[in-house]
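# Structural characterization, general
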Amino acid sequence: MTMQLPPDISLVSELHAIEAELAAATNATALEAWRVKYLGRRGRLSQLTQQLGSLSLEQRRAFGPLVNDAKRTLEDLFAAAQRALQEPKAARESAAHHLDVTLPGKPVTLGRLHPITQTVREICAAFQGMGFDVAEGPEVEWERYNFDLLNIPRDHPARDMWDTLWINWTDPNEEGRRMLLRTHTSPMQGRIMEQAKPPIRVVVPGKVFRHEATDARHEWHFFQVEGLAVDRGITFADLKGTLYEFARRIFGADRRVRFRCDYFPFVEPGVEMAIDCFLCKGEGCSLCGDGWIEIMGAGMVHPNVFSAVGYDPEEYTGFAFGIGAERVAMLKHGIDDIRRFYANDLRFLRQF
Ligand code: FA5
């Protein structure tokens, strides 16, 4: 008897190819398409099962078990593929919700104060210990406080001492009232004396700006700490004694201090104070020039400044000083170039 194969029985012999097709279905949509094609209601297996009905009894006995085997195989393969697709997702989800409290935490990187902030605070603390208060003032300043009240009228050649960054704005209510980025902290002298009566002992930390070229000792923006003491009977000896004590507190007793005459229109007499260079120990080198690094200008408050703020220069005397904070930090820590402070190199900044 010749047995006629139902046309679609080839499915049984194609099982390897069908399995490979299933392996290539790597997402849910492809897997579902494979299921519809082979196991769906109108899929190839269902068509084959229907065709078995039209076969003779003998043929059904021969092919029935084959078709049943094929069906089981395809269903098992499909179930395995479905599990494989869901497992990574389940694993990912479980990992996401899993908290291992024994793992070490992420290290917290602590910030720190910039070395110049530290230095400014140390300078202020040294003077606070000698009875000075601390005050602060604006960085954008009127020309009147930066120059006029400090005995530096318009067109005075002394204005050239401070290369000024002007603000492009004038007060419409008062003609010619100009603004600038303060070139020093000295404008706070006028602001404080306008507001308060002697006795005054105050230091003023703050940022200042100058339109000048930078080098190892000069920045175009830097910090100063201004000092002002006004009372009856204050003398130059008080100025020297206060500044010697400041140097001793900041640099220690064995550093050398030098005072030399200097000119500032708002003091008379005027001096500059320098500390012996840490690099050459006062011998002279490319950083300091002559063995000394100037850290401040100072002097006795000029009578014209007192008159400008309404103080009687016959009654009151006083001294003032302006310290360069970066210069102090350079001397304290042995830094050979001021520009390092503002280069934002964390390897440098983390040392302080
Ligand atoms: C002044 O600015 C005066 N206002 C100081 C003063 C105040 C004198 C009160 C008398 C009475 P001078 O320009 O010299 O002066 O600056 C004072 C200090 O700031 C200097 O000694 C120096 O330590 C620092 N300094 C000046 N220019 C720079 C700069 N370009 N970069 C960094 N530090 C500077």
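Residues numbered from 1 in each chain as written. Predicted model: local features only at pLDDT ≥ 70, side-chain atom pairs only at ≥ 80, totals over all residues. Heavy atoms only, no water.

Summing up its helical and strand segments, the protein chain has twelve helices and ten strands in all. Its C-alpha atoms give the protein chain a radius of gyration of 44 Å, clearly above 20 Å, the size a compact globule of 352 residues would have. Along the first, second and third principal axes, the C-alpha set of the protein chain runs to 140 × 55 × 35 Å. Looking at the protein chain as a whole, 42% of its 352 residues are labelled buried. A separation threshold of at least 6 residues defines the contact pool for the protein chain, and within that pool the share at least 24 residues apart is 67%. Of the roughly 19700 Å² that the protein chain leaves accessible, carbon and sulfur atoms contribute 51%. (Helix = DSSP H or I, 4+ residues; strand = E, 2+ residues; numbered from the N terminus. Rg over C-alpha atoms; globule rule 2.2 N^0.38 Å. Buried < 20%, exposed > 50% of the residue type's maximum accessible area, 1.4 Å probe, protein only. Contact = heavy atoms within 4.5 Å. Areas by Shrake-Rupley, 256 points an atom, 1.4 Å probe, with all protein chains shown as cover.)

Turning to the domain arrangement of the protein chain, a few remarks are in order. Annotation of the protein chain at the domain level lists domain 1 (15–96) and domain 2 (115–349). Computed from C-alpha atoms alone, the centre-to-centre distance between domain 1 and domain 2 is 89 Å. (Domains from an automatic or database assignment.)

Here we come to the sheet that holds strand β9 (residues 292–301). One open sheet holds the seven strands; their spatial order is β1-β5-β6-β10-β9-β8-β7, and the pairing between them is mixed. Looking along the sheet, the strands with just one partner apiece sit at the ends: β1 (133–134) and β7 (257–262). Here eight bridges tie strand β8 (residues 267–276) to β9, and the two strands are oriented antiparallel to one another. Looking across to β9, one finds that G270 is bridged to G299. Against the sheet, helix α8 (residues 187–195) engages β5 (200–209), β6 (221–231) and β10 (317–324), with an angle of about 140 degrees to β5. Running over the sheet, helix α9 (residues 236–251) touches β7, β8, β9 and β10 and is turned about 150 degrees from β9. (Pairing = 2+ DSSP bridges. Axes fitted to C-alpha atoms, helices over the stretch in contact; angles between N-to-C directions.)

Here we come to the pairing of β7. Of the strand pairs in this sheet, β7 and β8 are connected by six bridges, and their pairing is antiparallel. Bridging from a neighbouring strand, D262 pairs with G270 of β8. Here β7 hands over to β8 after four residues, the two strands then running antiparallel side by side.

This part covers the pattern of salt bridges. It is possible for side chains bearing opposite charge to pair when their charged atoms get close. The tally for this structure, following the rule as stated, stands at 20 salt bridges. The residue R258 makes a salt bridge to E272 at a minimum N-O spacing of 3.5 Å. Highlighted residues: R258 in strand β7 and E272 in strand β8, separated in sequence by 14 residues. Grouping residues by exposure puts R258 and E272 together as buried. Members of the salt-bridge network, linked through shared partners, are E143, R154 and R178. (Salt bridge = Lys/Arg side-chain N within 4 Å of Asp/Glu carboxyl O.)

Turning to the site of the ligand, a few remarks are in order. Neighbouring residues of the ligand: 26 residues in total, closest H184, S186, R210, E212 and E294. Measuring from a nitrogen atom of the ligand, one finds a side-chain N or O atom of E212 at 2.6 Å. One of the side-chain nitrogen or oxygen atoms of E294 is found 2.7 Å away from an oxygen atom of the ligand. Expressed as a share of its isolated accessible area of 670 Å², the protein-covered part of the ligand is 95%. Those elements giving two or more residues to the shell around the ligand turn out to be β6, β9 and β10. (Near = heavy atom within 4 Å. Polar contact = N/O pair within 3.5 Å; in protein donor to acceptor, adjacent residues only side chain to side chain.)

Now for the side chain of H184. The topology assignment puts H184 in the loop between β4 (178–181) and α8. One polar contact links the side chain of H184 to the main-chain carbonyl oxygen of N146, over a distance of 3.2 Å. A distance of 3.5 Å separates the side chain of H184 from the side chain of S186, its partner in a polar contact. Beyond its immediate sequence surroundings of up to four residues, H184 is in contact with N146, L150, W162, V208, R210, Q224 and F266.

This model, assessed by the stated rule, comprises 17 aromatic pairs. An angle of 15 degrees between the planes, with centres 5.0 Å apart, marks the rings of F127 and F246 as stacked. Of this pair, F127 sits in helix α6 (residues 115–128) while F246 is found in helix α9, placing the two residues 119 residues apart along the sequence. By the burial criterion, F127 is buried, and F246 matches it. Centroid distance F127 to F321: 4.8 Å. Interplanar angle 25 degrees. Geometry classified as stacked. Taken together, the residues span a long stretch of sequence, with F127 in helix α6 and F321 in strand β10 at a distance of 194 residues. Residue F321 is classed as buried on the basis of its relative accessible area of 1%. Counting every residue linked through ring pairs, the aromatic cluster contains F127, F132, F246, F319 and F321. The side chain of R144 reaches across the aromatic face of Y145, ending 5.1 Å from its centre. (Phe/Tyr/Trp six-rings, centres within 6.5 Å; stacked < 30°, edge-to-face > 60°. Lys NZ or Arg CZ within 6 Å of the ring centre and 35° of its normal.)

Attention shifts here to the sheet that holds strand β3 (residues 165–170). Across the sheet, which stays open at both edges, the three strands sit in the order β2-β4-β3 with antiparallel pairing between neighbours. Both outer strands of the open sheet, β2 (140–142) and β3, are each paired with one neighbouring strand and no more. Neighbour to neighbour, the strand axes of the sheet diverge by 35 degrees on average, direction disregarded. Sheet topology note: the β3/β4 ladder contains four bridges and is antiparallel. Among the inter-strand pairings, W166 is bridged to a residue of β4, identified as L180.

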